[in-house]
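So you can see what is in the structure, the chains are spelled out below.
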Amino acid sequence: MSRITAARVVVTCPGRNFVTLRIETEDGVYGLGDATLNGRELAVASYLTDHVIPCLIGRDAHRIEDIWQYLYKGAYWRRGPVTMSAIAAVDMALWDIKGKIAGLPVYQLLGGASREGCMVYGHANGTDIEETIDRAQELVEQGYKAVRLQSGVPGIATTYGVSGERFYYEPAKGSLPDETVWSTSKYMNHVPKLFARGREALGWDVHLLHDVHHRLTPIEAGRLGKDLEPYRLFWLEDATPAENQAAFRLIRQHTTTPLAVGEIFNTIWDAKQLIEEQLIDYIRATVVHAGGITHLRRVAALADLYQVRTGCHGATDLSPVCMAAALHFGLSVPNFGIQEYMRHTPETDAVFPHAYTFENGLMHPGDAPGLGVEMDEETAAQYEYKRAYLPVNRLEDGTMFNW
Ligand code: GCO
Ligand code: MG
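Nothing here was measured: the structure is a model prediction, and the numbers come from that model.

Student: It is not clear to me how the coordination of the magnesium ion (ligand 2) should be interpreted in this structure. Could you clarify?
Tutor: The textbook angles at a metal center are 109.5 degrees for a tetrahedron of four donors and 90 or 180 degrees for an octahedron of six. In the first shell of the magnesium ion (ligand 2), the protein supplies D211 (OD), E237 (OE) and E263 (OE), at 2.0 to 2.2 Å from the metal. Binding-site remark: the magnesium ion (ligand 2) is held by donors from one chain whose sequence spacing is D-x25-E-x25-E. Taken together, the residues span a long stretch of sequence, with D211 in strand 7 (residues 207-211) and E237 in strand 8 (residues 235-237) at a distance of 26 residues. Comparing D211 with E237, the two get one shared label, buried.

The following block contains the structure:
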C-alpha cells in the first residue's frame, strides 16, 4: 500500500505547450504523466484538476488496473481524447511510482526487454524533393534506419509536415488556426516522384515511410498505395480518415503497400475492426492519447493475434514523459514494429531531463527506476502557456477539408 497524498497539473510552454500530471504518495515518491492534447491542452488540465484528482487522493498508487477501470467505467462518459489523455496521465504516473518503489525501470515491470532497443524513424521534411532527400541523407548519416519523407507539393503554397524549421518541426502555431490549401490531384502526381528519387539517392537498405494525414478517399488511397509499390515503403500512414474502419477494406483490395493508422485513436474500440480484419499492418495509437501503458498493452495484445505491429505516434507534441513511456512499452511488447521520434527542442529537454538515449537508429528507455524522466519545475515555471492551434485545411475552391 502506498497512498496517494497529492496530485497537481503543471502547464508549461518551452517552445510548445505541455501538460504534465504529478502524483505524490505517502512514501515521498512521485510519478509523472503526460496529458498533452495538442491545441486543446487546457481541456485535459481541467478534466484532471477539476474531476480526476479529487478521486485519486487516498487511493493505493499500486492498484494501477483498478484505478484505470475506476476512471474509465466510473465516469459514465467513456472514451474520447480528453478523457483518455487524462486517464493516460494517471496511468503513466502510477507506473512511474511503481517502478521507483520497486527500484526498477518500467520495462522490467512489463515483462522485461524483448529486444535490444526500439527502432525509430526520423522526419525528413523539405520544401521540394531535393531538400527532403538532403535531410533524409543527414538522418541516415546520424544512424537512422528508417526515415519519413514529406515534401512540399508544386502548386500548393504550404504543405502539411513541411516547415521552415530545419530540426524542430512544430505545426501548432498562432493565436488562431492558420488556413492552408489542398489539392489531391497535385499531391498524388507528386508523391511517387519523391519516392522514386528517394530510392535512387538513398538506396534500398533504409526504411522509407510516408504520412498522408487523412487526406484521401479510400479509392484514391488504393491508387497511391499501388503507385508507391515499386518503392517498397515501410508504411503509408493515415491514408484516409479512419472513423469508418470498414473503409480500409477498399484500400486493402488494391495495394500491398503496408498501412499504418491510429495516432488519433483513443481506445481499442477505434481499432478493433481494423485489427481483426487485418486491414492494417501497424497500429499508431500511443500512450498519452490512448489511455496509458495499461490500455496500450491491451491494444497490442489484440494486434499481436493478427500480426499487426505497433508504431506509436511520437511527434513533438507528445512530451518526453510520453516518449519514455512509449519506449518502456516498445522495448517490452512482443509485436513492436517501430517508434516515431522527433527530437524535442533543447528548451523542452531542459524542462524534462530524461534517461532515454538514441544510438544507431535504436532508442532505449534507460535503466533509471520508473519512467526515467524528471520535471524541472523552476525552469517549467519560466514558460507560460500560449494558446496555439494546428492549422485548418481547405480545398482550392474554399471547401473545408481534412487536416
Ligand atoms: C505524425 C503526426 C503529426 C501530427 C501532430 C498532431 O505523424 O507525427 O501526423 O504531425 O499532426 O502530432 O498533434
Ligand atoms: Mg501522422
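Student: Mind showing me how you'd approach the sheet that holds strand 2 (residues 18-25) here?
Tutor: Working definition: the strands of a sheet are paired by backbone hydrogen bonds and lie parallel or antiparallel to each other. The sheet built from 3 strands is open, its strands ordered 1-2-3 with antiparallel pairing. Two strands lie at the open edges of the sheet, namely strand 1 (4-12) and strand 3 (30-34), each paired on one side alone. The mean inter-strand angle of the sheet, taken between neighbouring strand axes irrespective of direction, is 20°. Here 8 bridges tie strand 1 to strand 2, and the two strands are oriented antiparallel to one another. Counted as the bridge partner of V9 is L21 from strand 2. Packed on one face of the sheet, helix 3 (residues 81-102) meets strand 1, strand 2 and strand 3 and runs near 145° to strand 3.

Student: Could you clarify how one ought to interpret unusual backbone geometry in this entry?
Tutor: With glycine set apart, most residues show a phi of negative sign, and most peptide bonds adopt trans. Even without being glycine, Y76 reaches a positive phi, approximately 75°. Looking at the element boundaries, Y76 is found in the loop between helix 2 (64-74) and helix 3. Exposure remark for Y76: the relative accessible area of 62% places this residue in the exposed category. Phi at Q307 is positive, roughly 55°, even though this residue is not glycine. By relative accessible area, Q307 is classed as exposed at 68%.

Student: Please explain the pairing of strand 3 as it appears in this structure.
Tutor: A regular strand places its side chains so that they alternate between the two faces of the sheet. When you tally the buried positions in strand 3, you get 5 out of 5 residues, the bulk of the element. The alternating pattern of strand 3 places Y30, L32 and D34 and G31 and G33 on opposite faces, both of which are buried. Of the strand pairs in this sheet, strand 2 and strand 3 are connected by 5 bridges, and their pairing is antiparallel. Paired with T20 across the bridge in strand 3 is D34.

Student: Can you walk me through the domain arrangement of the protein in this structure?
Tutor: We note that the domain assignment places domain 1 (4-105) and domain 2 (109-367) within the protein. The distance between the C-alpha centroids of domain 1 and domain 2 comes to 26 Å. The partner domain 2 presents 34 residues to the 32 residues of domain 1 that form the contact. The junction of domain 1 with domain 2 conceals about 2,500 Å² of combined surface from both sides, 64% of it contributed by carbon and sulfur atoms. When residues of domain 1 are sorted by the area they lose upon contact with domain 2, F18, W95 and P105 head the list and together hold 23% of the total. There are 1 salt bridge connecting domain 1 and domain 2. The residue E65 makes a salt bridge to R298 at a minimum N-O spacing of 3.2 Å. The tally of links between domain 1 and domain 2 comes to 9 residue pairs in polar contact (both at pLDDT 80 or more). The set of elements that each furnish at least two residues to the side of domain 1 that touches domain 2 consists of strand 2, strand 3, helix 2 and helix 3. Among the elements that make up the side of domain 1 that touches domain 2, the one with the highest residue count is helix 3 (11 residues). Looking at the side of domain 1 that touches domain 2, its residues break down into 17 nonpolar, 9 polar and 6 charged.

Definitions and cut-offs
Each chain carries its own residue numbering, running from 1 in the written order of its sequence. Labels follow written order: the first chain is A, the first ligand is 1, and so on. In keeping with the model being predicted, local features are shown solely for residues with a pLDDT of at least 70 and side-chain atom pairs are shown and tallied solely at 80 or more, while totals for entire chains, interfaces and linings include all residues. Values shown for side chains rest on all heavy atoms present in the structure; no hydrogens or waters enter the calculation. Water is not part of the atom set, so a site may look incomplete; the donors themselves are N, O and S atoms within 2.8 Å of the metal, or 3.2 Å for Na, K and Ca. The numbering of helices and of strands both runs from the N terminus, where a helix is a DSSP run of H or I of at least 4 residues and a strand a run of E of at least 2. Three labels apply to residues, based on accessible area from a 1.4 Å probe with only protein chains included: buried if under 20% of the type maximum, exposed if over 50%, partly exposed otherwise in between. Any two strands are treated as partners once DSSP identifies two or more bridges connecting them. Convention adopted: a line fitted to C-alpha atoms gives each axis, helices being fitted over their contacting stretch, and angles between N-to-C directions are expressed from 0 to 180 degrees. Here a residue-residue contact requires only that any non-hydrogen atoms of the pair lie within 4.5 Å. Here the bounds of each domain stem from an automatic or database domain assignment. In this description, buried area is defined as the sum, over both parts, of the accessible area (probe of 1.4 Å) that is lost when the two are combined. Each reported salt bridge corresponds to a side-chain nitrogen of Lys or Arg within 4 Å of a carboxyl oxygen of Asp or Glu. Here a polar contact is taken to be a pair of N or O atoms separated by no more than 3.5 Å, where protein atoms must pair a possible hydrogen donor with a possible acceptor and residues adjacent in sequence count only if both atoms sit in side chains. Polar here means any residue other than Ala, Val, Leu, Ile, Met, Phe, Trp, Tyr, Cys and Pro, which are nonpolar, and Asp, Glu, Lys and Arg, which are charged; Gly is therefore polar.

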